[in-house]
Each structure stands twice: as C-alpha cells, then as structure tokens.
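Here is what each chain is made of, one letter per residue.
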Amino acid sequence: MPATTFLREFFRNWKTVGAVAPSSPALAAQMMESADVGKARHILELGPGTGAFTAAIQDAMPKGSHYLGIEINAAFADQLRSRFTGMTFEVAGAQEFDFKAYLADKPPIDVIVSGLPWTAFPPSLQEAILGNVLPHLSLGGRFATFAYFGFHLLPSGRRFRQLLKQHLTGVKTSPVVWPNIPPAFVYVGGK
C-alpha cells in the first residue's frame, strides 16, 4: 500500500489507525515468532491495516490454516482483499463482531495477532474488545500485540499492560525492535 494512502487514512481516522507509518518487517517477524504463527490452525488478526503483519502471517502460517482479519477501516479492508486472496477480511469493530456465527463450522482460534492502537482507545473500548475476542481463543492459545517503546511507561500504556495481565496468563515482552518507527516490542500471553 502506498505511504500516501496510509498517511491519508491516519489523518482521516487517527484514533483507529493509530500510527504514522506501517509496522516494519522486523516488528512483523517478532510478532510471528512471539505468537508462534507457524504452528497455528486458525489465526485472527485484529486491525490488519495496510497488511504489514498480514503478509508475515501469510508467509508463516501452515498450509490449510484458517485466517480472519477484522478491520474497521473499509479502505484498508478493500486493499487487503485484493492483495491477499484466499484470506478472509471483515469490516467491523472487534468489540462487535459475531465470532460465534463465524466459528460455527471452523476450528477454534489458537492465535490472535493484534495491530490495534490499544493505548489510543479508552479503557471501556479496550475491555469491550478483549471481552468479545478472548472468549474465542482456545485453551493454550496465544494473544500477541505490540507497544511503542517509551509509550508503555505513560499512564495509558501501564494501564493496558495491567489489563492484559488480568485477561491473559504469563504475559511477557519481547526484546525491543529498534528498526521499527517508533521502536516497539511485543506483548504475548496465553489462555
């Protein structure tokens, strides 16, 4: 996706886009390793945006695995559908998507990769998203998201880390991915 499209969508919808640049290949690689995407049977991606993590997921996921991307920005979702044929993208808020209907004839979700701008969201929206998504993560499944280095020390960053610890077991952080703009690290936890 051209950088101009990303910037246009950021300025139009900064609270849902949440970044001024797409995630780097180095951060995407760290997400795939932390989430253990290479062993997943069913992957859910929250906020695929321009597809930085989606491309890495496509490369890492085993043959025959299922993928669902939930993207609130219709312009991003349209471009993702044309780039990643064979992968499913739905335009919706993660807090309202009907996972029960979607999962009726599919295996449970065992990996969730999130590119959502969590600290830009109010706590009520963070809770609503996790409350709608995490019940559908299989026992032993993994949830991975990232935080910008330094921003995790702000009150909203500390609050989000505590929220993850309330909902997931064994929350850990990856090494900092310095080549990302801005530098970031991955949170990963299980169910």
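Residues numbered from 1 in each chain as written. Predicted model: local features only at pLDDT ≥ 70, side-chain atom pairs only at ≥ 80, totals over all residues. Heavy atoms only, no water.

S.K.: Help me understand the overall build of the protein in this model?
M.R.: Per the secondary structure count, the protein includes eight helices and seven strands. A burial count over the protein gives 51% of its 191 residues as buried. Long-range pairs, those at least 24 residues apart, make up 69% of the contacts in the protein with a sequence separation of at least 6. For the protein, the exposed area adds up to about 9,100 Å²; of that, 58% sits on carbon and sulfur atoms. (Helix = DSSP H or I, 4+ residues; strand = E, 2+ residues; numbered from the N terminus. Buried < 20%, exposed > 50% of the residue type's maximum accessible area, 1.4 Å probe, protein only. Contact = heavy atoms within 4.5 Å. Areas by Shrake-Rupley, 256 points an atom, 1.4 Å probe, with all protein chains shown as cover.)

S.K.: What is the right way to look at the sheet that holds strand β6 (residues 169-173) in this model?
M.R.: Think of a sheet as strands paired side by side through backbone hydrogen bonds, with each pair either parallel or antiparallel. Strand order across the open sheet formed by seven strands is β3-β2-β1-β4-β5-β7-β6, with mixed pairing between neighbours. Strands with a single pairing partner mark the edges of an open sheet, and in this sheet they are β3 (88-91) and β6. Taking the axes of each pair of neighbouring strands and ignoring which way they run, one obtains an average angle of 15° across the sheet. With five bridges connecting them, strand β4 (residues 109-114) and strand β5 (residues 137-148) associate as parallel partners. (Pairing = 2+ DSSP bridges. Axes fitted to C-alpha atoms, helices over the stretch in contact; angles between N-to-C directions.)

S.K.: Just checking my understanding: could you explain the nonpolar core for this structure?
M.R.: Where a protein is soluble and globular, its nonpolar side chains tend to be buried together. Core analysis: the largest hydrophobic core is formed by 29 residues, its most contacted members being Leu44, Leu46, Ile70, Phe99, Ile112, Trp118 and Phe143. At the level of secondary structure, the elements contributing two or more residues to this core comprise β1 (42-46), β2 (66-71), α6 (99-102), β4, α7 (123-133), β5, α8 (155-167) and β7 (184-190). Excluding residues within four positions of it along the chain, tryptophan 118 makes contact with Leu46, Gln126, Ile129, Leu130, Phe143, Thr145 and Phe160. (Core = buried A, V, L, I, M, F, W, Y, C linked by side-chain atoms within 4.5 Å.)

S.K.: Quick question: what am I supposed to make of the pattern of salt bridges here?
M.R.: Should their charged atoms come close, side chains of opposite charge can pair. This structure, assessed with the given rule, holds three salt bridges. A salt bridge links arginine 81 to aspartate 78; its shortest N-O distance comes to 3.1 Å. Separated by three residues within a single helix, arginine 81 and aspartate 78 lie in helix α5 (residues 74-83), roughly one turn from each other. Look at arginine 81 and you get partly exposed, because its relative accessible area is 34%. For aspartate 78, a relative accessible area of 48% gives the class partly exposed. As a salt-bridge pair, lysine 106 and aspartate 105 come within 3.1 Å of each other at their nearest N and O atoms. When its relative accessible area of 28% is taken as the criterion, lysine 106 is described as partly exposed. (Salt bridge = Lys/Arg side-chain N within 4 Å of Asp/Glu carboxyl O.)

S.K.: Even after reading the chapter, I still don't get the packing of aromatic side chains, so can you show me in this structure?
M.R.: To describe a pair of aromatic rings, you give the distance between the ring centres and the angle between the ring planes. Summed over all chains, the structure comprises 13 aromatic pairs. Both rings, one in tryptophan 118 and one in phenylalanine 121, keep their centres 6.2 Å apart while their planes meet at 70°; by these two values the pair is edge-to-face. As far as burial versus exposure is concerned, tryptophan 118 and phenylalanine 121 are alike and both buried. Of the aromatic side chains, those joined through ring pairs into one cluster are Trp118, Phe121, Phe143, Phe160, Phe185 and Tyr187. Over the face of the ring belonging to tyrosine 102 we find lysine 106, whose NZ or CZ atom lies 4.4 Å from the ring centre. (Phe/Tyr/Trp six-rings, centres within 6.5 Å; stacked < 30°, edge-to-face > 60°. Lys NZ or Arg CZ within 6 Å of the ring centre and 35° of its normal.)

S.K.: Explanation requested: α7 in the structure shown.
M.R.: Helical periodicity: at 3.6 residues per turn, an α-helix aligns residues three or four positions apart in one direction. When α7 is considered as a whole, its buried residues turn out to be Gln126, Ile129, Leu130, Asn132 and Val133. Summarising the axial view, the buried residues of α7 lie within an arc of 165°, below the 170-degree limit, and thus occupy one face. Along its buried surface, α7 packs onto β1, α6, β4, β5 and α8. (Arc of directions from axis to C-beta.)

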